[in-house]
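Remarks on the overall topology
This is what each chain is made of:
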Amino acid sequence: MTALTEQKTQEFRTDFTREPAGLRHFPALVLNADYRPLSYYPLSLWPWQDAVKAAFLDRVDIVSEYDEVVRSPTTTIRIPSVVVLKDYVAPQKKVAFTRFNLFLRDEFSCQYCGSKGDLTFDHVVPRASGGITSWENVVAACGSCNLRKGSRSLRQVGYHLRKPPRQPAASELMNTGRKFPPNHLHDSWMDFLYWDAELEA
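Because the structure is a prediction, the values reported are computed rather than measured.

Section: the pairing of strand E4 (residues 76-85)
Among the 10 residues of E4, 7 are classified as buried, and the element is accordingly described as predominantly covered. Relative to E4, strand E1 (residues 28-31) runs parallel, the two sharing 3 bridges. Of the residues in E4, the one forming a bridge with Leu29 is Val82. Inspection of the sheet shows strand E3 (residues 60-71) paired to E4 by 8 bridges, in the antiparallel sense. Directly across from Ile62, in E4, lies its bridge partner Val83. Between E3 and E4, which pair antiparallel and follow one another directly, the connecting turn spans 4 residues.

Following this line, the structure appears as structure tokens:
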């Protein structure tokens with residue numbers, strides 16, 4: 001990795017707006033240089049202040065704007081609603097093994113009963129029986145199923161997995177994230193959120 005690439009990587013923020021309060025204050029949808037969102041879940045959004053600053057520093061092009069404006073003593077600027085990075089940011093190829101990514105892989109549902117609430121995670125082959133903590137042996141599970149299964153095998157409790165657990169590719173998590181849009185979607189974002197989705201015959 002060159003020093004310039006490393007510097008760009010460090011400058012690139014990944015803590016996108018997720019809080020509902022942040023979505024009420026004119027966030028900007030951030031697109032990569034290929035005009036695809038940097039992230040779908042959470043959706044790659046910046047507070048308007050960051051979008052204006054990035055435009056001022058010539059790091060992004062403004063694609064669309066809100067009707068609202070911000071003013072300084074010498075300038076009036078329309079607030080960006082969609083910005084695109086001038087430099088392409090290569091997506092991560094390897095997915096980190098985290099609780100959040102595990103839940104996203106399993107679409108935030110228990111892999112035993114399908115329920116959506118009270119999620120934790122479970123070792124398919126219990127650790128007491130030599131099971132390891134890995135993508136292939138850990139699944140999202142609701143509290144009830146996890147408690148009932150305990151340290152027993154799937155056969156002992158009569159459970160069946162909804163799908164075999166495996167390590168997802170980064171592109172798979174990106175596609176899965178598109179199923180969970182935020183509550184607020186501005187009209188100016190819509191052309192960029194699903195334009196690369198495969199059309200159904």
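Remarks on helix H3 (residues 48-56)
Residues of H3 that are buried include every one of Ala51, Val52 and Ala54, and no others. Down the axis of H3, the sector holding all buried residues measures 165°, keeping them to one side. Summarising the geometry of H3, the exposed residues directed more than 90 degrees from the buried face are Lys53 and Phe56. Elements that come into contact with the buried residues of H3 comprise E1, strand E2 (45-46), E3 and E4.

Brief notes about the packing of aromatic side chains
Within this structure, the stated rule accounts for 9 aromatic pairs. Aromatic rings pair up to connect Tyr41, Phe100, Phe108 and Phe180 into one cluster. Lying over the aromatic face of Tyr40, Arg178 brings its terminal NZ or CZ to 5.4 Å of the ring centre.

Digging into the side chain of Asp122
Relative to the assigned elements, Asp122 resides in strand E5 (residues 119-123). Aside from chain neighbours lying at most four places away, what touches Asp122 is Tyr112, Asn137, Val138, Val139, Ala141, Asn146, Lys149 and Gly150.

A few points about helix H7 (residues 170-177)
When we look at burial in H7, the residues that qualify are Leu173, Thr176 and Gly177. Buried residues of H7, viewed axially, fall in a sector of 100°; they line one side. On its buried face, H7 is in contact with helix H4 (99-105).

What about the pattern of salt bridges?
All told, the structure shown has 8 salt bridges when counted by the stated rule. A salt bridge links Asp67 to Arg78, with the nearest nitrogen and oxygen atoms 3.5 Å apart. Separated by 11 residues along the polypeptide, Asp67 in strand E3 and Arg78 in strand E4 bring together distant segments of the chain. What makes Asp67 exposed here is its relative accessible area of 66%. With a closest N to O distance of 2.7 Å, Arg166 and Glu172 form a salt bridge.

Criteria and thresholds
- Residues numbered from 1 in each chain as written.
- Predicted model: local features only at pLDDT ≥ 70, side-chain atom pairs only at ≥ 80, totals over all residues.
- Heavy atoms only, no water.
- Buried < 20%, exposed > 50% of the residue type's maximum accessible area, 1.4 Å probe, protein only.
- Helix = DSSP H or I, 4+ residues; strand = E, 2+ residues; numbered from the N terminus.
- Pairing = 2+ DSSP bridges.
- Arc of directions from axis to C-beta.
- Contact = heavy atoms within 4.5 Å.
- Phe/Tyr/Trp six-rings, centres within 6.5 Å; stacked < 30°, edge-to-face > 60°.
- Lys NZ or Arg CZ within 6 Å of the ring centre and 35° of its normal.
- Salt bridge = Lys/Arg side-chain N within 4 Å of Asp/Glu carboxyl O.

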